[in-house]
Amino acid sequence: FPESSRLHQLPPAYVLEKVLKHENVSSLKIEWKDETIGSFTLRVTPGKRTVVRSSIQCVVPILGQKPKLRFEMNCRLKSNREVESFRLQGRWKEIDFQVASDDPNGRIEMEAHGGGIDTKREFFARDFLKPGNTNFLASVPELQRVASLAQPRELSGVLERWHIHAASTRIQRLGDWMEAYLLSARVDENSWVKIWISPTGELLKLESSFGLRAINEDFFEGAA
């Protein structure tokens, strides 16, 4: 997986459009520090309203424990690539959760049940992301006992520090070289994520500075 020179730089939106333009399915094995912890699948069905479906099943090594995480997401995009509707549902430890929206005004419905939590709320994305706004999720009494959540302005600050770049590159598969794209996000030399993508939008490999990696084994073994 060679790095690309600056001569091969591309707009990140160009590479993301490749993923959304072609019908494709990507299945990746997820590893954490050389240990297989689960799998991730992404399916894209292009059209006037492109549909993106993804699912993940894995264990999350944290503080000496390995709680299980499972979720499925269905997302429909408008022709301008804005989100028209989405539904995310899954299970974290003993908590079943669902987050969904099909409201053009941005109203989001959230439910969480299990593990001492039993809540159903509605809110607007614009209010949650408003600078200086109190953290909506932390204001839900049932969720205060689950995790300490960052303020929206702090989350926004983290995202602003990430710099995203894209480039054309090559990868080796079954002894031959083929064209690919490299999408990278970086805060500094010690915090980065890189994703290799095929010309038709399949996710090929992910590497990060955090010990998390994923690989499309079917692709590199010739089964795809």
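Look up: the structure comes first, before these words.
Sequence order as written defines residue numbering, which begins from 1 separately in each chain. A pLDDT threshold of at least 70 governs which residues receive local features in this predicted model, and a stricter bar of 80 or more applies before side-chain atom pairs are shown or counted, although totals over entire chains, interfaces and linings include all residues. Water and hydrogen atoms were dropped before computing side-chain values, which therefore reflect all heavy atoms in the structure.

**Observations concerning the overall build of the protein**
Move 1: Only DSSP runs of H or I with at least four residues qualify as helices, and only runs of E with at least two residues qualify as strands; both kinds are numbered from the N terminus onward. Counting its regular elements, the protein contains five helices and 14 strands.
Move 2: Within the protein, the fraction of its 224 residues that count as buried is 31%.
Move 3: Contact criterion: two residues are considered in contact whenever any of their non-hydrogen atoms come within 4.5 Å of each other. When contacts within the protein are restricted to residue pairs at least 6 apart in sequence, those whose partners lie at least 24 apart make up 34%.
Move 4: When the accessible area of the protein is evaluated, it comes to approximately 13,800 Å², of which 53% is carbon and sulfur surface. Think of it in three bands: with a 1.4 Å probe and only protein chains considered, a residue is buried below 20% of the maximum accessible area for its type, exposed above 50%, and partly exposed in between. The accessible surface values rely on the Shrake-Rupley method and a 1.4 Å probe; as for residues, cover is taken only from the protein chains in view.

**Topic: the side chain of Ser 191**
Move 1: By the secondary structure assignment, Ser 191 is in strand β12 (residues 191-197).
Move 2: Using a relative accessible area of 19% as the deciding quantity, one classes Ser 191 as buried.
Move 3: For Ser 191, the contacting residues outside a window of four places in its chain are Trp 162, Ala 185, Arg 186, Ser 209 and Phe 210.

**A short note on the pattern of salt bridges**
Once the charged atoms of two side chains with opposite charge are near each other, the side chains can pair.
Move 1: Note on definitions: salt bridges are taken to be side-chain nitrogens of Lys or Arg within 4 Å of carboxyl oxygens of Asp or Glu. On inspection of all chains with the given rule, the structure shows 13 salt bridges.
Move 2: Across the pair Glu 122 and Arg 107 runs a salt bridge whose closest N-O atoms are separated by 3.3 Å. In this pair, Glu 122 is assigned in strand β9 (residues 117-124) and Arg 107 in strand β8 (residues 107-114), connecting sequence segments 15 residues apart.
Move 3: In this structure, Arg 186 engages Glu 189 in a salt bridge whose closest nitrogen and oxygen atoms are separated by 3.8 Å.
Move 4: Since its relative accessible area comes to 26%, Arg 186 is described here as partly exposed.
Move 5: Look at Glu 189 and you get exposed, because its relative accessible area is 63%.
Move 6: Salt bridges sharing partners connect three or more residues here, namely Lys 29, Glu 31, Arg 213 and Glu 217.

**Remarks on the packing of aromatic side chains**
What characterises a pair of aromatic rings is the spacing of the ring centres plus the angle enclosed by the ring planes.
Move 1: Only Phe, Tyr and Trp rings take part, Trp by its six-membered ring, and two of them pair if their centres are within 6.5 Å. Stacked means planes under 30 degrees apart, edge-to-face means over 60, and tilted covers everything else. Taken as a whole and assessed by the stated rule, the structure comprises two aromatic pairs.
Move 2: Each ring, one from Tyr 14 and one from Tyr 181, has its centre 6.0 Å from the other, and the planes form 80 degrees; the classification is edge-to-face. Separated by 167 residues along the polypeptide, Tyr 14 in helix α1 (residues 12-21) and Tyr 181 in strand β11 (residues 176-188) bring together distant segments of the chain.
Move 3: With a relative accessible area of 38%, Tyr 14 lands in the partly exposed category.
Move 4: Plain terms: the ring middles of Phe 219 and Phe 220 are 5.1 Å apart, the flat faces sit at 90 degrees to each other, and that makes the pair edge-to-face. Considered together, Phe 219 and Phe 220 belong to a single accessibility category, that of buried residues.
Move 5: Charge-over-ring placement is defined geometrically: NZ (Lys) or CZ (Arg) within 6 Å of the ring centre, and within 35 degrees of the ring normal. Here the guanidinium or amino end of Arg 170 rests over the ring plane of Trp 177, the centre of that ring lying 4.6 Å away.

**Quick look at unusual backbone geometry**
Move 1: Positive phi is not limited to glycine here, since Asp 34 has a value of about 70 degrees.
Move 2: Phi is positive for Arg 81, which is not a glycine, with a value near 75 degrees.
Move 3: Its place among the elements puts Arg 81 in the loop between β5 (68-77) and β6 (83-92).

**Thoughts on the nonpolar core**
Move 1: Residue types Ala, Val, Leu, Ile, Met, Phe, Trp, Tyr and Cys, when buried and joined through side-chain atoms within 4.5 Å, form a set referred to as a nonpolar core. Grouped together as the largest cluster of nonpolar side chains are 15 residues, with contacts concentrated most on Val 15, Val 19, Leu 42, Val 52, Leu 77, Ile 197 and Leu 203.
Move 2: Elements with a contribution of two residues or more to this core: α1, β3 (35-45), β5 and β11.
Move 3: Per-element accounting of this core gives the leading share, three residues, to α1.
Move 4: Setting aside residues no more than four positions away along its own chain, Val 15 makes contact with Leu 10, Ala 166, Tyr 181 and Ile 197.
Move 5: Counting residues in each nonpolar core, the second largest holds eight residues, with Ala 180, Leu 204, Phe 219 and Phe 220 among its members.

**A short note on the side chain of Thr 50**
Move 1: Position of Thr 50 relative to the elements: it lies in the loop between β3 and β4 (51-59).
Move 2: Apart from the residues within four sequence positions on either side, Thr 50 is in contact with Leu 20, Val 44, Thr 45, Cys 75, Arg 76, Leu 77 and Arg 81.

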